[in-house]
Amino acid sequence: MMRRITKDTTIGELLAIDPEISQVLMSIGMHCIGCPSAARETLEQAAEVHGMDADDLVEDIKGFLQA
């Protein structure tokens, strides 16, 4: 069963679920994922900083995990 991923999931939690998710994040311009403060950032916060829709980001990640 896949863990529930929401806009409140932190980058650190996400990478603990599957480190390969870093590829998805980097492909959309989130190159700071290795930064300690990024690990505590939620997907919603990260999306806002990068001018993205958080719901779209969550769906992209879910799609990657299901593939």
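Quick caveat: nothing in here was measured; it's all calculated off a predicted structure.

### Description of the nonpolar core
Within soluble globular proteins, side chains that are nonpolar generally end up buried alongside one another.
Then, number 1: By size, the foremost hydrophobic cluster in this structure holds 16 residues, and its most contacted members are Ile5, Leu14, Leu25, Leu43, Leu57 and Ile61.
Then, number 2: Breaking this core down by element, the ones donating at least two residues are helix H1 (11–17), helix H2 (21–27), helix H4 (43–49) and helix H5 (54–66).
Then, number 3: Setting aside anything within four residues of it in sequence, one finds leucine 57 in contact with Leu25, Ile28, Met30, Leu43 and Ala47.

### Quick word on the pattern of salt bridges
Then, number 1: For the structure shown, the criterion picks out 1 salt bridge.
Then, number 2: Here aspartate 55 and lysine 7 are joined by a salt bridge, their closest N and O atoms 3.7 Å apart. Remark: lysine 7 occurs in the segment before H1 and aspartate 55 occurs in helix H5; sequence separation between them is 48 residues.

### What to know about a negative patch on the surface
Then, number 1: There is a patch of like negative charges on the surface, built from Asp53, Asp56, Glu59 and Asp60.
Then, number 2: On the secondary structure map, aspartate 56 appears in helix H5.

Calculation criteria
Residues numbered from 1 in each chain as written. Predicted model: local features only at pLDDT ≥ 70, side-chain atom pairs only at ≥ 80, totals over all residues. Heavy atoms only, no water. Core = buried A, V, L, I, M, F, W, Y, C linked by side-chain atoms within 4.5 Å. Buried < 20%, exposed > 50% of the residue type's maximum accessible area, 1.4 Å probe, protein only. Helix = DSSP H or I, 4+ residues; strand = E, 2+ residues; numbered from the N terminus. Contact = heavy atoms within 4.5 Å. Salt bridge = Lys/Arg side-chain N within 4 Å of Asp/Glu carboxyl O. Patch = residues over 30% accessible without salt bridge, like charges linked within 9 Å, V, L, I, M, F, W, Y side chains within 5 Å. Areas by Shrake-Rupley, 256 points an atom, 1.4 Å probe, with all protein chains shown as cover. Lys, Arg positive; Asp, Glu negative; His and termini not counted. Charge placed at Lys NZ, Arg CZ, Asp CG, Glu CD.

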